[in-house]
Amino acid sequence: IRYAQKGQPIVAKLSGITQTMKNKNGWVGIFEPGANNHSYKSYQYLTNLKASSSYYDSVEVGVLQESGKFEVRVFGDISYNWKVAEVPVTVVSELT
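This report concerns the structure included in the present document. Treat the numbers as computed from the prediction; the structure is a model and nothing was measured.

Conventions and cut-offs
- Residues numbered from 1 in each chain as written.
- Predicted model: local features only at pLDDT ≥ 70, side-chain atom pairs only at ≥ 80, totals over all residues.
- Heavy atoms only, no water.
- Helix = DSSP H or I, 4+ residues; strand = E, 2+ residues; numbered from the N terminus.
- Rg over C-alpha atoms; globule rule 2.2 N^0.38 Å.
- Buried < 20%, exposed > 50% of the residue type's maximum accessible area, 1.4 Å probe, protein only.
- Contact = heavy atoms within 4.5 Å.
- Areas by Shrake-Rupley, 256 points an atom, 1.4 Å probe, with all protein chains shown as cover.
- Lys, Arg positive; Asp, Glu negative; His and termini not counted.
- Charge placed at Lys NZ, Arg CZ, Asp CG, Glu CD.

Observations concerning the overall build of the protein
Along the protein, the regular secondary structure elements total one helix and seven strands. Walking the protein from its N terminus toward its C terminus, one meets helices and strands in the order β-β-α-β-β-β-β-β. Relative to its length of 96 residues, the protein is compact, with a C-alpha radius of gyration of 13 Å against a globular reference of 12 Å. Taking the principal axes of the C-alpha coordinates as reference, the protein spans close to 35 × 25 × 15 Å. Counting the 96 residues in the protein, one finds 35% classified as buried. The contacts of the protein with a sequence gap of at least 6 include a subset with a gap of at least 24, amounting to 67%. Carbon and sulfur atoms make up 45% of the accessible area of the protein, which totals about 5,700 Å². Charged side chains in the protein number 10 positive and 8 negative. The centres of these two groups are separated by 5 Å.

Set out below in structure tokens:
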């Protein structure tokens, strides 16, 4: 994802999710740029994803009611330390 619409679900398309990440309560969250890993705006656990190294799966991370630049970060376990990916996303008032 690169752009999302304010008030609509932000959906991340993921691959490379391992069974270990699912078993260790890996998660994906939305953050303001530069925010520490404890300061998420919304999050979702990876436990129910079917994603693997060869298959993409989508997860609804959350809905933001504000426009601006954010980051979607993926963590490999329940901690805030094992960050495996980070992608910028811009939330706009209206997608064109």
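Text resumes after the structure shown.
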